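Summary of the model geometry
Here's the letter readout for the chains.
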Amino acid sequence: KVKNTASVSVVDALVLEGNGTETDATIGYGSSSLTTIAGRFAVTGPSTFDANATFSNSATSSPDVSFINTTDDATGPSLFLKNMRDGSGLSNNDVLGDINFDGTDNGVNAQSYARIQGTAANVTNSDEAGYLSLEVATSNGTTSTLRNFINGLGNAGDSTVNVSIGQGATSITT
């Protein structure tokens, strides 16, 4: 389904170009449709994607996701993970986002190996505080579990940050 387009070409590719007004283009039909893009996919300009995305590639060191700032200034690109509850705001200890590092073990079982998690520790207006946890997998010999190895907790009211390093009394910090 292509709406309000000036041209549509199919020659080993699909090109959608707008006419300057209402240049919406839809690929697929309905929320359960699957659209596969083989090769490069470039987006220029502000864009919103209301869906999950999976990038898969069998080549070494792929797939890559790059954020490139080509402006001639001292700033770089940003990545934002946002938990924006509709209407009521966040509650204390709501998770803001995770970056997970998952793979398989030598028995080809799914395994989580590491995680970075950001949390809204205190959401009181003008007295907000955050919590950042870095976690790695550890095992008791039969079961692997993600455990905190560095935690940073911002304190509401006194502008200090408490840091914990290690997990358990027998952890070694060098």
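The coordinates are above.
Our subject in this report is the structure included herewith. No experiment lies behind these values; they were computed from the predicted model shown.

Reading guide: rules and limits
Residues numbered from 1 in each chain as written. Predicted model: local features only at pLDDT ≥ 70, side-chain atom pairs only at ≥ 80, totals over all residues. Heavy atoms only, no water. Helix = DSSP H or I, 4+ residues; strand = E, 2+ residues; numbered from the N terminus. Buried < 20%, exposed > 50% of the residue type's maximum accessible area, 1.4 Å probe, protein only. Contact = heavy atoms within 4.5 Å. Areas by Shrake-Rupley, 256 points an atom, 1.4 Å probe, with all protein chains shown as cover. Pairing = 2+ DSSP bridges. Axes fitted to C-alpha atoms, helices over the stretch in contact; angles between N-to-C directions. Phe/Tyr/Trp six-rings, centres within 6.5 Å; stacked < 30°, edge-to-face > 60°. Lys NZ or Arg CZ within 6 Å of the ring centre and 35° of its normal. Salt bridge = Lys/Arg side-chain N within 4 Å of Asp/Glu carboxyl O. Polar contact = N/O pair within 3.5 Å; in protein donor to acceptor, adjacent residues only side chain to side chain. Patch = residues over 30% accessible without salt bridge, like charges linked within 9 Å, V, L, I, M, F, W, Y side chains within 5 Å.

1. So, the overall build of the protein chain
When you go through the protein chain residue by residue, the secondary structure sums to zero helices and seven strands. Starting at the N terminus and ending at the C terminus, the protein chain contains elements arranged as β-β-β-β-β-β-β. Buried positions account for 9% of the 174 residues belonging to the protein chain. If you take every contact in the protein chain between residues at least 6 apart in sequence, the share linking residues at least 24 apart comes to 17%. Of the roughly 14200 Å² that the protein chain leaves accessible, carbon and sulfur atoms contribute 49%.

2. Section: the sheet that holds strand β5 (residues 129–139)
Strand order in the open sheet made by the five strands is β3-β4-β5-β6-β7, with antiparallel pairing throughout. Looking at strand neighbours, the two that pair on one side only are β3 (94–104) and β7 (161–165), the edges of this open sheet. Strand after strand, the sheet turns through a mean of 20° between neighbouring axes, direction not considered. With five bridges joining them, strand β6 (residues 144–154) and β7 adopt antiparallel strand pairing. What sits directly across from Gly 152, in β7, is Val 163.

3. Brief notes about the packing of aromatic side chains
If you walk through the whole model with that rule in mind, you get zero aromatic pairs. One residue, Lys 82, lies across the ring of Phe 80, its end atom 5.4 Å from the ring centre.

4. So, the pattern of salt bridges
Tallying each qualifying case throughout the model produces two salt bridges. Note that Arg 85 and Asp 94 form a salt bridge whose closest N and O atoms lie 2.9 Å from each other. Judged by its relative accessible area of 38%, Arg 85 falls in the partly exposed class. Under the relative-accessibility criterion, Asp 94 is labelled buried at 12%. The salt bridge partner of Arg 115 is Glu 135, with a shortest N-O separation of 2.8 Å. A residue pair is termed long-range when its members are at least 10 positions apart, and Arg 115 in strand β4 (residues 110–122) and Glu 135 in strand β5 qualify at 20 residues. Residue classification places Arg 115 among the partly exposed residues on the basis of a relative accessible area of 22%. By relative accessible area, which is 6% here, Glu 135 ends up buried.

5. Examining the side chain of Asn 122
Note on placement: Asn 122 falls in strand β4. There is a polar contact of 2.7 Å between the side chain of Asn 122 and the side chain of Thr 124.

6. Some points on a nonpolar patch on the surface
Taken together, Phe 55, Val 65, Phe 67, Leu 79, Leu 81, Ile 99 and Phe 101 make up a surface patch of nonpolar side chains, about 720 Å² in accessible area. Locating Phe 67 in the fold gives a position in the loop between β2 (14–18) and β3.

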